[in-house]
Amino acid sequence: MFTRDKPWMPQLAAVACLFLAAKVEETQVPLLLDLQVEESKYVFEAKTIKRMVLLVLSTLQWRMNPVTPICFFDHIIRRLGLKNHLHWEFLKRYSRFMSYVPSILATAIMLHVIKEVEPFSQMEYQNKLLDVIKISEEEVNQCYKLILELSDKVPN
């Protein structure tokens, strides 16, 4: 796309992304100059890389490392020392939900709660939710069925 006019741009973007990854994962972040490959075609100044880093971050809306439920499972499992069948059962059950985007999962959970709290208004709320959020009714229903399936296995 822009590589003909600016052939250096992909390399600059790669260095910026590598720097961001190092900041997220490493305790000792390398110098910007050290992240550039020896004998590469282009060598960038720190201020140029920092501008590209800001462009990448703004494009990502500063969402670099979003916390997910799996982060909490892992943390809790370690804290409680659950390195046994429970650990695998949590991950197995949770992984079935990972195929759904957060809006689908949230809507399905809301419908599950609405059905228990206001069973006579369930369809009205469902229609409103689907209209407001503009998501697939079929996917919400599949996720909702999974919630029902897993909640049936859990004793009340």
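Conventions we followed
Residues numbered from 1 in each chain as written. Predicted model: local features only at pLDDT ≥ 70, side-chain atom pairs only at ≥ 80, totals over all residues. Heavy atoms only, no water. Core = buried A, V, L, I, M, F, W, Y, C linked by side-chain atoms within 4.5 Å. Buried < 20%, exposed > 50% of the residue type's maximum accessible area, 1.4 Å probe, protein only. Helix = DSSP H or I, 4+ residues; strand = E, 2+ residues; numbered from the N terminus. Axes fitted to C-alpha atoms, helices over the stretch in contact; angles between N-to-C directions. Parallel < 35°, antiparallel > 145°, perpendicular 65-115°, else oblique. Left-handed = near helix turned anticlockwise from the far one by under 90°. Contact = heavy atoms within 4.5 Å. Nonpolar A, V, L, I, M, F, W, Y, C, P; charged D, E, K, R; others polar. Phe/Tyr/Trp six-rings, centres within 6.5 Å; stacked < 30°, edge-to-face > 60°. Expected span 1.5 Å × (residues − 1). Arc of directions from axis to C-beta. Patch = residues over 30% accessible without salt bridge, like charges linked within 9 Å, V, L, I, M, F, W, Y side chains within 5 Å. Areas by Shrake-Rupley, 256 points an atom, 1.4 Å probe, with all protein chains shown as cover. Salt bridge = Lys/Arg side-chain N within 4 Å of Asp/Glu carboxyl O.

Undergrad: For this particular structure, what's the right way to read the nonpolar core?
TA: Looking at soluble globular proteins, one finds that nonpolar side chains tend to be buried together. Membership of the largest hydrophobic core comes to 15 residues, with the highest contact counts inside it found for Phe-97, Ile-104, Ala-108, Val-140 and Cys-143. Counting residues per element, the ones that place at least two in this core are α5 (102-117), α6 (122-133) and α7 (137-153). In terms of residues, this core owes the most to one element, α7, which gives 6 residues. In this structure, Leu-12, Leu-20, Val-53 and Val-56 belong to the second largest nonpolar core, which totals 13 residues.

Undergrad: What exactly am I supposed to notice about the packing of α5 against α6 here?
TA: The angle between the axes and the distance between the axes are what describe a pair of packed helices. Interaxial distance between α5 and α6 falls to 10 Å at its minimum, and their mutual angle equals 165 degrees. The orientation of α5 with respect to α6, classified from their angle, is roughly antiparallel. Helix-helix and strand crossings are classified by hand; for α5 and α6 the assignment is right-handed. Residue-level contacts link Ser-103, Thr-107, Met-110, Leu-111, Ile-114 and Lys-115 of α5 to Gln-122, Tyr-125, Gln-126, Leu-129 and Ile-133 of α6. Among the residues forming the contact of α5 with α6, the class breakdown is 6 nonpolar, 4 polar and 1 charged.

Undergrad: Help me out: how do you make sense of the side chain of His-112 in this one?
TA: Here His-112 is to be found in helix α5. Those residues in contact with His-112 that sit more than four places away from it in its chain are Tyr-144, Ile-147, Leu-148 and Ser-151.

Undergrad: Please explain the packing of aromatic side chains as it appears in this structure.
TA: How two aromatic rings sit relative to each other is given by the distance of their centres and the angle of their planes. Counted according to the given criterion, the structure contains 1 aromatic pair. Judged by centre distance (6.4 Å) and plane angle (25 degrees), the ring pair of Tyr-42 and Phe-44 falls under stacked.

Undergrad: Whenever I open this one, α5 confuses me. Can you help?
TA: The periodicity of an α-helix, 3.6 residues per turn, causes residues three or four places apart in sequence to face the same way. When the terminal C-alpha atoms of α5 are compared, their 22 Å separation across 16 residues agrees well with the 22 Å that a helix rising 1.5 Å per residue should span. Of the positions making up α5, those classed as buried are Ile-104, Thr-107, Ala-108, Leu-111, His-112 and Ile-114. The arc that holds the buried residues of α5, viewed along the axis, is 165 degrees, so those residues lie on one side. When the buried face of α5 is taken as reference, the exposed residues oriented beyond 90 degrees from it are Pro-102, Glu-116 and Val-117.

Undergrad: Just checking my understanding: could you explain a nonpolar patch on the surface for this structure?
TA: A cluster of nonpolar side chains, Val-24, Leu-60 and Met-64, forms an exposed patch at the surface whose accessible area comes to about 210 Å². Residue position: Val-24 is located in helix α1 (residues 9-25).

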